[in-house]
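Understanding the architecture of this molecule
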Amino acid sequence: MTEAILLVGGKGTRLRPLTVHTPKPMVPAAGVPFLTHQLARARAAGVDHIVLATSYLAEVFEPYFGDGSALGLHIEYVTEEEPLGTGGAIRNVAPRLRSAPGDPVLIFNGDILTGLDIRALVAEHERVDADVSLHLTKVSDPRAYGLVPTDPTGRVTAFLEKPQTPQEIVTDQINAGAYVFRRSVIDTIPAGRPVSVERETFPDLLASGAHLQGMVDSTYWLDLGTPQAFVRGSADLVLGRAPSPAVPGRCGDRLILPSAQVAADAKLTGGTVVGEDAVVGEGARLVGSTVLSGAVIEPGAVITDSLIGARASVGARSVLTGAVIGDGAYVGADNELRDGVRVWCEARLPAGAVRFSSDQ
C-alpha cells in the first residue's frame, strides 16, 4: 500500500463556531491542525501518496501543507464544486490514484482520531482477498451509530441503520471510518453525483455478492464531531492516550507552544494546550482545555474542558466549563459559562453578563 484518500470536505456544522473560518480538519488539536496527525500516522504506516478530497474552505489546505514533502509525503488536492458525499468524494478523486486495479487504497474520514493499526487492516484485507475492508470498533451504546454485524470469520453480513429499539441492537460493532478499497471497486461508484458509502455503496456491494471484511480494532477511537469531543481529543493527544507522531513536544499534562506566554503561577493540567502567541495570566487555572493562537486568558480565570478560539479573550476571574469561545470573541471579567455554551466569533460579553451564581 502506497496511497490513500483523506475525506476532508465536510462543513463541520456540529463544531461551529470553530469551523466558521476554518475547515474542521484544520482546527488545531494538540498544537497542530488535526489533519496533521492523520497524515503523520498514514506516513508512519507506509503511505507516501495522499489525495485530499476537499470542498468547504478548500483554499486553506494547500497553502499549509504544500506538496507534502515536509511530512515525507506527496499530497494532491481535488476540490468538489458541489458536495458529493463520502462515496462521491472517493469516486471524484479516482483519476489521481496511481494504484493498479487490484491494489489496496486506504481511505480515512477526516474527523476520526484513532489508534488503528493501519498496517494490520491492510494485511487483513489482503489475507482474505476482500473487495473492501472496514475498521470496526465496539461501543457501549451503539444507538447513535449504524451497526455492522459480521460472521465468525469477520465477513460483513449487513449494514443496519441506527437502532430505534433494544431488539434492533444485534451487535455493538460500528463503522469506525477507515477503509481499504480494492482500487477497481472505486471505479464502480457512480460518478458526478452525491453518493454515501454507508447508505449506498456498501449495501449495494454486499447485495451484489462482493466480499466486505470487518476488522475490529478496539484501540483508541473518537469521533471529533462535537466541540466537547474535539477538546477531549486534543487533550488525549497531549496526555499520550491517543497516539500521534505529530504532537509538537513530549506528552504530558500540558503543551505550551514556543511563543506563548504563561505566568509562572498559572496552573495548566489535563492535557491543556496553549497556542502560539497566546497569553495566560497570573493565577489562571486551565484543565483539559485548548487555547488557540493569539488568545488571552486574563488573571484568575478558571477554564475547564473548553476551547478558546484564535485571538479570543477571557476576562479576569471568569469561569468556563465545557465552553467554546469563537475566534476573536471577548468574554468580559466575572462571567460564568457552563457546559455546551458557544460564544460566536467576534461576539462581546460585558463583565458579569452571564452568571449561574450570585455576584457575591
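Since we're looking at a predicted model, the values are computed, not measured.

What to know about the overall build of the protein
Within the protein, the secondary structure is distributed over seven helices and 28 strands. Computed over C-alpha atoms, the radius of gyration of the protein comes to 22 Å, within 12% of the 21 Å expected from 2.2 N^0.38 for 360 residues, which places it in the range of a compact globule. Across its three principal axes, the protein shows a C-alpha extent of roughly 70 × 50 × 35 Å. By the burial criterion, 55% of the 360 residues in the protein qualify as buried. In the protein, once contacts between residues fewer than 6 apart in sequence are set aside, the share between residues at least 24 apart is 52%.

Points about the sheet that holds strand β19 (residues 296–297)
Across the sheet, six strands lie side by side as β13-β16-β19-β22-β25-β28; this open sheet has parallel pairing. The open sheet has two free edges, formed respectively by β13 (261–262) and β28 (348–349), since each of these has just one partner strand. As paired elements, β13 and strand β16 (residues 279–280) share two bridges and run parallel to each other. When the bridges of β16 are listed, V262 appears paired with V280.

Things to note about unusual backbone geometry
Each neighbour pair has its own omega, and for R16 with P17 the value is 15°, a cis peptide bond. Residue placement: P17 occurs in the loop between β1 (3–7) and β2 (28–29). With a phi close to 50°, L57 is a non-glycine residue in the positive phi region. Within the element layout of this structure, L57 appears in the loop between β4 (49–54) and α2 (61–65).

Remarks on the layout of surface pockets
Of the pockets and cavities examined, the largest pocket occupies roughly 1300 Å³. Taken together, 46 residues line the largest pocket, and the ones lying closest to its centre are T86, N109, D111, E198 and R199. If you list the elements that add at least two residues to the lining of the largest pocket, you get α3 (85–92), β9 (173–182), α6 (197–207) and β11 (221–223). Tallying contributions element by element places β9 first for the lining of the largest pocket, with five residues. Within the lining of the largest pocket, the residues separate by chemical class into 22 nonpolar, 14 polar and ten charged. For the second largest pocket, the calculated volume is near 350 Å³. Lining of the second largest pocket is provided by 20 residues; of these, M26, P28, L292, S293 and A310 occupy positions nearest its centre. Among the residues forming the lining of the second largest pocket, the class breakdown is eleven nonpolar, six polar and three charged.

About the criteria used
Residues numbered from 1 in each chain as written. Predicted model: local features only at pLDDT ≥ 70, side-chain atom pairs only at ≥ 80, totals over all residues. Heavy atoms only, no water. Helix = DSSP H or I, 4+ residues; strand = E, 2+ residues; numbered from the N terminus. Rg over C-alpha atoms; globule rule 2.2 N^0.38 Å. Buried < 20%, exposed > 50% of the residue type's maximum accessible area, 1.4 Å probe, protein only. Contact = heavy atoms within 4.5 Å. Pairing = 2+ DSSP bridges. 1 Å grid on protein atoms, 1.4 Å probe; cavity = no way out; pocket = protein on both sides within 12 Å on 5 of 7 lines; lining within 4 Å. Points joined across faces, edges and corners; volume = space filled by probe spheres on them. Nonpolar A, V, L, I, M, F, W, Y, C, P; charged D, E, K, R; others polar.

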